[in-house]
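The residues making up each chain are set out below.
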Number of protein chains: 4
Amino acid sequence: MSSVIGNNIKLSVFGESHGTAVGCVIDGLPAGIELDFDGINKEMQRRAPGRDKSSTPRKEDDIPEILTGVLNGKTTGAPLAAVIRNNNTKSGDYENLMKVPRPSHSDYPAFVKFKGNNDVRGGGHFSARLTAPIVFAGAIAKQILREKGITVGAHIKKIGSACDEGFDFNDISKELLLGLSSKNFSVINEKSEEKMRGEIEKYRLEGNSVGGEIECAVIGLPVGVGGNIFDTVEGRISSFIFGVPAVKGIQFGLGFGFAEQNGAAVNDEYGIKDGKIALLSNNNGGVLGGMTNGAPIVFSVAMKPTPSISIPQKSVNLQTMENEELVIKGRHDPCVAVRAVPVIEAAAALAILDIIL
Amino acid sequence: MSSVIGNNIKLSVFGESHGTAVGCVIDGLPAGIELDFDGINKEMQRRAPGRDKSSTPRKEDDIPEILTGVLNGKTTGAPLAAVIRNNNTKSGDYENLMKVPRPSHSDYPAFVKFKGNNDVRGGGHFSARLTAPIVFAGAIAKQILREKGITVGAHIKKIGSACDEGFDFNDISKELLLGLSSKNFSVINEKSEEKMRGEIEKYRLEGNSVGGEIECAVIGLPVGVGGNIFDTVEGRISSFIFGVPAVKGIQFGLGFGFAEQNGAAVNDEYGIKDGKIALLSNNNGGVLGGMTNGAPIVFSVAMKPTPSISIPQKSVNLQTMENEELVIKGRHDPCVAVRAVPVIEAAAALAILDIIL
Amino acid sequence: MSSVIGNNIKLSVFGESHGTAVGCVIDGLPAGIELDFDGINKEMQRRAPGRDKSSTPRKEDDIPEILTGVLNGKTTGAPLAAVIRNNNTKSGDYENLMKVPRPSHSDYPAFVKFKGNNDVRGGGHFSARLTAPIVFAGAIAKQILREKGITVGAHIKKIGSACDEGFDFNDISKELLLGLSSKNFSVINEKSEEKMRGEIEKYRLEGNSVGGEIECAVIGLPVGVGGNIFDTVEGRISSFIFGVPAVKGIQFGLGFGFAEQNGAAVNDEYGIKDGKIALLSNNNGGVLGGMTNGAPIVFSVAMKPTPSISIPQKSVNLQTMENEELVIKGRHDPCVAVRAVPVIEAAAALAILDIIL
Amino acid sequence: MSSVIGNNIKLSVFGESHGTAVGCVIDGLPAGIELDFDGINKEMQRRAPGRDKSSTPRKEDDIPEILTGVLNGKTTGAPLAAVIRNNNTKSGDYENLMKVPRPSHSDYPAFVKFKGNNDVRGGGHFSARLTAPIVFAGAIAKQILREKGITVGAHIKKIGSACDEGFDFNDISKELLLGLSSKNFSVINEKSEEKMRGEIEKYRLEGNSVGGEIECAVIGLPVGVGGNIFDTVEGRISSFIFGVPAVKGIQFGLGFGFAEQNGAAVNDEYGIKDGKIALLSNNNGGVLGGMTNGAPIVFSVAMKPTPSISIPQKSVNLQTMENEELVIKGRHDPCVAVRAVPVIEAAAALAILDIIL
């Protein structure tokens, strides 16, 4: 039972959606990193709720207070603790939920696990609000990676039936990734945004929600990073990524597409380019035998539709043990995939930083 | 850089494909478990090479010698160490590979990472032969789980264009899983075997290989098992699964299918059945908020085609730094997915045991 | 580089002596524990500075703000984060120290390790102020242990030449331990306090400091708790205890006294008492083979004299690389052992809780 | 419950005293280290039983078979597994012990913990025989450290009433340490050996045993190695050292002597020597704030008398629950401290390697 992760950095995440605050402690950051507070705030704003119709109307400033580990704008090498206060909580919305669990949400297993003591308001510790400290920590990780020539970026690949074009696995530029990271609605092909917003709006109007897929890339890593059997780049990234609520799958390179393929068609052959060893394709998404091979790391993540919808659903009353129809009020994103892009980037950046430190 | 995994059990895996042996140490097993050696050997034989044309002609007995941790057939509570000797190694086949890395294999990043000191014969420590100790450890894990009413089973869902029918997520019987676990070619619909063998044989005859997808289920877990943000059932299972060579993706429940779905269609509603809370569907594959919800855990795994094929491939000579065509001799499975079924089951069983102990 | 500890609970400690705050995150606490806030505050006050002449004149309220993990006074099972603000900092005292390291303090190695970026004011992250969150976390641990019938208590065994009587290893009552835990100056024999205060005052008046030894006991644990080779009760307790600044040694039972003893004299024989197995002596301090044997756990801890003294000392200027005499101003405890008693109890309680959960 | 230790290397130790074998897996060793097999065997022989009257008459070859992780005499970067077979076991000696626990040994708590399933013969997994794989792993660690200019060495400081002279904390040469490491009876002053052998012989003749203290030093570490609060050099070394059976205490520098001291007398002042910062004394044993300060690391370890003595002792029968006199036959060291010297060196070397990798 742990909200702590990492080998070389330890990220400890805490908080509840409708409690006092969310926050994190990052242990193991190198000393002397001059923090880019603008950069951190931009990332926080990408994730923050209440910006437009694709997200929940709940509005939060999401300005982290850094309590420790920073002096004169630089990391000291001591643990960096930050707190993000919850300002705009409307917990009245959630009273009924203590009795009637929301389908596809953590309510029911959490009720059993914590014997009714967990904070169910807004999902409590299982809320997507916990991604705020992940984005904060990830913004710092990204900055440290950048100074080492490593860039992370992601885009929405799919929302419902609307798709963006995929990454060209073997040719991903720093500019492309930085461009994606600077957007609030991150897509490669600008036309995709309109289509995707259309999908989201359609489901929003019916009180429904929609799933999505996010594709993420990391470039600039040297060859041979990563580890042995149980310490693969894929496994390490997955450990961080499954910490993001609503994630239900991850695949590297061709991923599930490999199942239908043959070796001759998808093996990544080598050639000499400019005197150096280069991959002629990158179907493996930059990882072989759990180690980086010099090509971009590319993976994609499946996100389920927001479980909180206002359409009436079948549920049960935990006290009376009778069937009970549930109508969720509250404020929710019709599609978590949009705001999840900076979260996936953050989780990837933290995983990579943890691997290379 | 670690071949050790687990929180409550620690599994340490060692060995090389063409060295003296492979093996493992399992630390943290409960004392007093009477080992079912027949059951262990059956699992070992499911994974062992050389049985039929779908696998490598290399023939190994794969009989583990248990060195420690067992007395009078029962676990003592001390670490259980087992060694599986390599008998049938033909290392001559691999000499050229020290200079010319096989596409899509670990050779090149391992060469860089270990500065040429790694054992490249048969992939060395990165070989699928390392799955033998995982299956051994998994067989013990399965047995302990069985005594707690928990059953694990998997089948091949897809090989190339040949598919087996999928699990009915919400209705998976113990008999079905035990039946799958008793087969060497695990499919739900017997007709699938012929189609799949056809696919494999087609690629084998052309010196090629083919990928696959394996679907795995775990039943019998209580509600509320699993943990907080970074300690989810999904993340824990993934950590073990990505330790299996050739795995390139994992998805729970609908997984990547969620991206195209809406909440009203896929949310798992609740109802009272026989006085108990039941899920009316299981699109989440038995996990909500990282915790079990009482429904079967269902996940599937993408496996890439065996990278070793005998069709000539483009590669480079690491010494001359010139392009060089590579023809791999050696003995290889045309499709790893068949023998990987007991490995996926083993990794899942170990992950679940680690979670519940 | 880690300020995180624990297997079953994860304690993450953060903060600096003269920064904004100190605090901690405790991950893995059971849900539904009704917190005894009075008990927590009493522990905080035992440790808090500024109470009398034996401690630094710096006065701090040391009231923790619990940010997360508690709802309606009960633990929720989510990480419990608490922040203790620093109110009374006088950093001007420390400016010179950035150039001239204090003998026997962390200043010099921290300067090298963190390349001058660490917060040197008051010792920064290495300050004894970081024991405030340890005491906070320990107070909660103690309460959980108490509900399981386990009691922790410690006393000052020695300060300079003044000694308290030692524990009777094989007969330690709950009342004795609770009595010690309720005191600000914890001694078994009330007369010891006066002698010890005399020692401290003598050194305080000369601007000097004095070391001490603290003896701690834990009663109520069942037989067979603890683990294999690298997971011994002794090792686990030591890991927590060495997190307390100024600790330079730990011994269990007779400890270093064993070196002069023979087996016949010190072996702990068994006998049947009231139908149960009992130890006839407890020279091993309650631990055999790394496991509890049912007798009280008894260990003692060596604490060095506070390194900050106002007597002029030889040091060097890190910038000019010349010898420089140092006169430390600031405010410091003449003897850390007094206020360290609740800290040692807290560290022991956290270690035991981590072992038994 | 774990026989695995380490952050950057993972050492997994397995085996029982009278089972098939003992052994270990070392994960995380750098690739390309050319192993010094002579050096390894010398260390093994220092620890091996049966050499003279100060040790048990049980004679073992103690030649490790390296199964994996080494190719052409060099480490490959994959886990290194080694097995040491038990040849000379006389288990008949131990039958009675399953019923009547030996005082001060692990028998009783292990019986309770493992519900009677543990291998009690010779102490099973809790036997000092498990130090053989620790010495093996330590020999490799020492070699890697040596190439980095770091030397570890230890001597017997005390056996009963016989003492060797202590280290001069601030002036310990590589030659001294290597000299100590080359001896079977490691003392600084050659005359100490005779006195100590006299003590041992005295107790041996009466079927008794005697305790001891071992002092260990590590030189050549740079300044600033080690970590934050819970990752101190002291804590890390302690974690490894308490894995050695019979250890009951550890102290750094003056250790428990600090309790009687004042700051002015024992603070380690600085001065400029040859243009560099030097410590004018080393009462802290080379560690400040948990980090190295450039002076030798010096610590000493308390070891209890071998609990197995042939003098009749009071015990109980676990089956009849009646008092029963116990006469231990078997073969045992009258003083474990002699053969423990290379074990303490090994544990220290492994701890240091784990810290600096």
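The rules behind the values
Throughout, a residue's number is its position along its own chain's written sequence, starting from 1. Chain letters start at A and ligand numbers start at 1, both assigned in the order the entries are written. For this predicted model, a pLDDT threshold of at least 70 governs which residues receive local features, and a threshold of 80 or more governs which side-chain atom pairs are given and counted, while totals over whole chains, interfaces and linings are taken from all residues. To obtain the side-chain values, all non-hydrogen atoms of the structure were used and water was disregarded. Paired rings are identified among Phe, Tyr and Trp, the last through its six-membered ring, by centres lying within 6.5 Å, and are further divided according to the angle between planes into stacked (under 30 degrees), edge-to-face (over 60) and tilted (the rest). A helix here means a DSSP run of H or I that spans at least four residues, while a strand means a run of E at least two residues long, and both kinds are numbered starting from the N terminus. Accessible area is worked out with a 1.4 Å probe on protein chains only. A residue is then buried under 20% of its type maximum, exposed over 50%, and partly exposed in between. The copies were overlaid with a least-squares fit restricted to C-alpha atoms from residues scoring a pLDDT of at least 70 in each copy. A contact between two residues is defined here by any heavy atoms of the two lying within 4.5 Å. Pairing between strands is defined by DSSP: at least two bridges between them are needed. What counts as an axis is a line fitted to C-alpha atoms, over the stretch in contact for a helix, and the angles between N-to-C directions run from 0 to 180 degrees. Roughly parallel means an angle under 35 degrees; roughly antiparallel means over 145; roughly perpendicular covers 65 to 115; every other angle is labelled oblique. We call a crossing left-handed when the near helix sits turned anticlockwise from the far one by less than a right angle, and right-handed when that turn is clockwise. A simple way to read buried area is as the amount of 1.4 Å-probe accessible surface that goes missing from two parts once joined, with both sides added. What makes a salt bridge here is a side-chain nitrogen of Lys or Arg within 4 Å of a carboxyl oxygen of Asp or Glu, nothing more. Polar contact criterion, stated in full: a pair of N or O atoms within 3.5 Å, where within protein one must be able to donate a hydrogen and the other to accept it, and residues adjacent in sequence count only if both atoms are side-chain atoms. The nonpolar class holds Ala, Val, Leu, Ile, Met, Phe, Trp, Tyr, Cys and Pro. Asp, Glu, Lys and Arg form the charged class, and all remaining residues, Gly among them, are polar.

(A) Fine view of the packing of aromatic side chains. Scanning the model with the defined rule gives 22 aromatic pairs over all chains in all. Both rings, one in A:Tyr270 and one in B:Tyr108, keep their centres 5.3 Å apart while their planes meet at 70°; by these two values the pair is edge-to-face. With A:Tyr270 in strand E12 (residues 270–273) and B:Tyr108 in helix H2 (residues 107–113), this pair bridges two chains. Pair check on accessibility: A:Tyr270 and B:Tyr108 agree, each one buried.

(B) Here's a closer look at the relation of the copies chain B and chain A. Overlay of chain B on chain A (RMSD 0.0 Å): rotation 180°, translation along the axis 0.0 Å. Expressed as an axis order, the relation between the two copies is that of a two-fold axis. For chain B, the residue whose C-alpha comes nearest the rotation axis is B:Ile250, separated from it by 2.8 Å. A share of 100% of the interface residues of chain B reappears at the interface of chain A, consistent with the copies meeting face to face through the same patch.

(C) Geometry of the relation of the copies chain A and chain D. Least-squares fitting of chain A to chain D yields an RMSD of 0.0 Å, with the transformation described by 0.0 Å of translation along the axis and a rotation of 180°. With an isologous cut-off of 70% or more, the 100% of interface residues of chain A that recur at the interface of chain D puts this contact in the isologous class.

(D) Up close: the sheet that holds strand E10 (residues 212–219) of chain B. Strand order in this open sheet of ten strands is E9(A)-E8(A)-E10(A)-E16(A)-E11(A)-E11(B)-E16(B)-E10(B)-E8(B)-E9(B), and the pairing throughout is antiparallel. With partners counted over all chains shown, the strands left at the sheet margins are strand E9 (162–163) of chain A together with strand E9 (162–163) of chain B, one partner each. Summarising the sheet, strand E11 (residues 247–252) of chain A and strand E16 (residues 297–303) of chain A pair through five bridges and their orientation is antiparallel. Note on E16(A): the bridge partner recorded for A:Gln251 is A:Ser300. Strand contacts of helix H6 (residues 233–241) of chain A: E11 and E16 of chain A together with strand E11 (247–252) of chain B, with the helix running at about 160° to E11(A), the strand carrying the most contacts.

(E) Structural view of the packing of H6(A) against helix H8 (residues 336–356) of chain A. All names here are of chain A. Running from amino to carboxyl end, H6 crosses H8 at an angle of 135°, the nearest separation of the two axes being 9 Å. When the axes of H6 and H8 are compared, the pair comes out oblique. Between H6 and H8 the crossing geometry is right-handed. Contact residues: Val-233, Arg-236, Ile-237, Phe-240 and Ile-241 in H6; Ile-344, Ala-347, Ala-348, Leu-350, Ala-351, Ile-352, Asp-354 and Ile-355 in H8.

(F) View of the interface of chain B and chain A. In this complex, chain B contributes 99 residues to the contact, which on the side of chain A involves 99 residues. Both faces considered, chain B and chain A share a buried interface measuring about 7,900 Å² in area, 63% of it formed by carbon and sulfur atoms. Joining chain B to chain A, the criterion identifies four salt bridges. Among the ionic pairs, A:Lys248 bridges to B:Glu234, the shortest N-O distance being 3.0 Å. The interface formed by chain B and chain A includes 46 residue pairs in polar contact (both at pLDDT 80 or more).

(G) Up close: the interface of chain A and chain D. Contacts between the two partners involve five residues from chain A and, on the opposite side, five residues from chain D. Regarding the contact of chain A and chain D, the summed buried area is about 220 Å², with carbon and sulfur atoms giving 18% of it. Taken together, the links from chain A to chain D amount to zero salt bridges. Linking chain A with chain D are two residue pairs in polar contact (both at pLDDT 80 or more), by the criterion used here. Residues that form the side of chain A that touches chain D fall into these classes: two nonpolar, two polar and one charged.

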